[in-house]
Amino acid sequence: EELARTKSVRFSYESLSLAGTIPTGIAVFDLDATGTPITMAETSAGLLGELGRAGFRVVALPVGAMEVAGRSDSQVISALGSGYQGQVERAVFGTARISETVQEGQTIIIQVSGTVKVVELATGKVLLTVNKAKRAQGTSPAAALATAFKKLGEDLGQAIVNQLR
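First, a word on what this report is: a plain description of the structure on this page. (Residues numbered from 1 in each chain as written. Predicted model: local features only at pLDDT ≥ 70, side-chain atom pairs only at ≥ 80, totals over all residues. Heavy atoms only, no water.)

Sheet analysis places strand S4 (residues 107–120) next to strand S5 (residues 125–138), joined by 13 bridges and oriented antiparallel. Across the sheet, Val-118 pairs through a bridge with Leu-128, a residue of S5. Hairpin connection from S4 to S5: four residues lie between these consecutive antiparallel strands, with Gly-124 at a positive phi of about 80°. (Pairing = 2+ DSSP bridges. Helix = DSSP H or I, 4+ residues; strand = E, 2+ residues; numbered from the N terminus.)

See below:
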């Protein structure tokens, strides 16, 4: 009995995810404070960059902002599934919008927030929902806005990598 108490077994294991190997499309759009699409695509660019650096197989989907912004999840999932199933197996869709703008002297501080969902197109099942917010400052509204949206996209991408890996 004493001998049995002194014995131990130690196992080492590594968990692998195939999430990075699944072809995934991105349909994420930047909106102004009123929810109107703007010409920037910085959140999408940050998201694509972050997922790509993590080894995910990602592409931007040629979807218009109005096919995502202001539509229900089921409408977006249906449109993405019918339009892109066979090209990609999963999609990341959502929007990011300006939530606050503050001017302090010559510095402009902008906060943006966004929500993206990862969906399996074959089943329509939402695998993950990520909400994030990001602040950035600059001497011009355009610079602060571009930085805030880009950093938001990177944060959203990192959260997806952390959850799906």
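Now, onward.
Another point: the sheet that holds S4. Strand order across the open sheet formed by five strands is S2-S1-S3-S4-S5, with mixed pairing between neighbours. The open sheet has two edge strands with one neighbour each: strand S2 (58–60) and S5. The sheet shows a mean angle of 25° between the axes of neighbouring strands, direction not considered. With 14 bridges connecting them, strand S3 (residues 90–104) and S4 associate as antiparallel partners. Along S4, the bridge assignment pairs Phe-93 with Lys-117. Relative to strand S1 (residues 24–31), helix H2 (residues 42–53) is tilted by about 150°, and along the sheet it contacts S1, S2 and S3. In the packing of helix H3 (residues 73–84) onto the sheet, contacts are made with S1, S3, S4 and S5, and the angle to S3 comes to roughly 130°. (Axes fitted to C-alpha atoms, helices over the stretch in contact; angles between N-to-C directions. Contact = heavy atoms within 4.5 Å.)

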